[in-house]
Amino acid sequence: GSGYAVAVLDTGIQASHPVFGSPRIVSEACYSNEDNNTIHTLCPNGSTSQTGPGSADANSPNCLDSSGLNGTLCWHGSHVAGIAAANNAAYIGVAPAADLIPIQVFYRRDNCTTSGGPCLYADSADIITALERVYILRNSFNIASVNLSLGGGSYTTECDAQQPGMFNAVNSLVNAGIAVVVASGNGTSTTIIGAPAC
């Protein structure tokens, strides 16, 4: 992974975790829905978007919850980033020398009581905005791939026509030579696939 970066669109990252080290996180952003009633942003600044150092922090105020792993509901992004690029004596990722571009794309619903499950959701508009940011960042970093370990819905065929914004954002990245890797989200089904994988 040396000389490359991996973008992880997920629940942010615990930048201080020893498997990531410094300064391997080369860019961060957050795009997170908010309606001030039942949906709450996970951006550290309390806004619906944030860029710059610390903007994908998995320990933002709305991520912190004792029912989460290590006290945060936003542990999943660090888990995925670790699979991609962990690098210390205990854990080695697939590309341990790669840089990381974490982007927080989830939001939190009220009455959240279970770790990472029905508490956190991702909005298609936020995911598309994050994909568009990665496309812009290709001019600053040698981005090998974008990882989206998220999904929902049940489709038996491709869903390009139903989700044209997602289709266009993904195609722009693929045409730029950046692999877009998405969880199938099919719950082990052999007949359906989730979005945005579809």
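Everything quoted here is computed from the prediction, not taken from an experiment.

Re the overall build of the chain
- Counting its regular elements, the chain contains three helices and twelve strands.
- At 16 Å, the chain has a C-alpha radius of gyration in line with the 16 Å of a compact globule built from 198 residues.
- Across its three principal axes, the chain shows a C-alpha extent of roughly 45 × 40 × 30 Å.
- Expressed as a percentage of its 198 residues, the buried residues of the chain come to 41%.
- Pairs at least 24 residues apart make up 68% of the contacts formed inside the chain by residues separated by at least 6 positions.

Observations regarding the pairing of strand 9 (residues 143-148)
- Within strand 9, five of the six residues are buried, which leaves the element mostly enclosed by the surrounding structure.
- Here four bridges tie strand 1 (residues 5-10) to strand 9, and the two strands are oriented parallel to one another. Paired with Val8 across the two strands is Asn147, which belongs to strand 9.
- Bridge count for strand 9 against strand 11 (residues 179-182) is four bridges, and the pairing is parallel. The partner of Val146 across the bridge, within strand 11, is Val180.

Some points on the sheet that holds strand 9
- Across the sheet, which stays open at both edges, the six strands sit in the order 4-2-6-1-9-11 with mixed pairing between neighbours. Because the sheet does not close on itself, it has two edges, and the strands there are strand 4 (49-51) and strand 11. The sheet shows a mean angle of 15° between the axes of neighbouring strands, direction not considered.
- The strands that helix 1 (residues 76-85) touches are strand 1, strand 6 (99-104) and strand 9; relative to strand 1, the one it contacts most, it runs at about 155°.
- Strands in contact with helix 2 (residues 124-137) are strand 1, strand 2 (29-31), strand 4, strand 6 and strand 9; relative to strand 9, the strand with the most contacts, it is inclined by about 170°.

Notes on the state of the cysteines
- Tallied over the entire structure, the rule returns three disulfides.
- Linked covalently through their sulfurs, Cys30 and Cys43 form a disulfide whose S-S length is 2.1 Å. Where Cys30 bonds to Cys43 through sulfur, the torsion about that S-S bond is close to -95°, and the disulfide is left-handed. Of this pair, Cys30 sits in strand 2 while Cys43 sits in the loop between strand 3 (39-41) and strand 4; the two residues are 13 residues apart in sequence, bridging distant segments of the chain.
- Cys30 sits in the buried class, given a relative accessible area of 0%.

Some details on the sheet that holds strand 3
- With antiparallel pairing, the three strands of this open sheet are ordered in space as 3-7-8. Because the sheet does not close on itself, it has two edges, and the strands there are strand 3 and strand 8 (120-122). Across the sheet, the axes of successive neighbouring strands diverge by a mean angle of 40°, strand direction being ignored.

A short note on the pairing of strand 6
- In terms of burial, strand 6 is largely enclosed, as five of its six residues are buried.
- Note: strand 1 against strand 6, six bridges, orientation parallel. Opposite Asp10, over in strand 6, you have Gln104 as the bridge partner.
- Across two bridges, strand 2 lies against strand 6 in parallel orientation.

Some words on the packing of aromatic side chains
- Within the structure shown, the criterion is met by one aromatic pair.
- Aromatic side chains Tyr107 and Tyr121 sit 6.0 Å apart centroid to centroid with 25° between the ring planes, which places their arrangement in the stacked category. You can see Tyr107 sitting in strand 7 (residues 106-109) and its partner Tyr121 sitting in strand 8, a full 14 residues away along the chain.
- With a relative accessible area of 7%, Tyr107 lands in the buried category.

What to know about the side chain of Ser32
- For Ser32, the position within the fold is in the loop between strand 2 and strand 3.
- Since its relative accessible area comes to 1%, Ser32 is described here as buried.
- A polar contact is formed between the side chain of Ser32 and the side chain of Thr41, at a distance of 3.4 Å.
- There is a polar contact of 2.8 Å between the side chain of Ser32 and the backbone nitrogen of Leu42.
- With near-sequence residues (within four places) excluded, Ser32 lies in contact with His40, Thr41, Leu42, Cys43, Ser47, Thr48, Phe106, Tyr107 and Asp126.

Definitions and cut-offs
- Residues numbered from 1 in each chain as written.
- Predicted model: local features only at pLDDT ≥ 70, side-chain atom pairs only at ≥ 80, totals over all residues.
- Heavy atoms only, no water.
- Helix = DSSP H or I, 4+ residues; strand = E, 2+ residues; numbered from the N terminus.
- Rg over C-alpha atoms; globule rule 2.2 N^0.38 Å.
- Buried < 20%, exposed > 50% of the residue type's maximum accessible area, 1.4 Å probe, protein only.
- Contact = heavy atoms within 4.5 Å.
- Pairing = 2+ DSSP bridges.
- Axes fitted to C-alpha atoms, helices over the stretch in contact; angles between N-to-C directions.
- Disulfide = S-S within 2.5 Å.
- Phe/Tyr/Trp six-rings, centres within 6.5 Å; stacked < 30°, edge-to-face > 60°.
- Polar contact = N/O pair within 3.5 Å; in protein donor to acceptor, adjacent residues only side chain to side chain.

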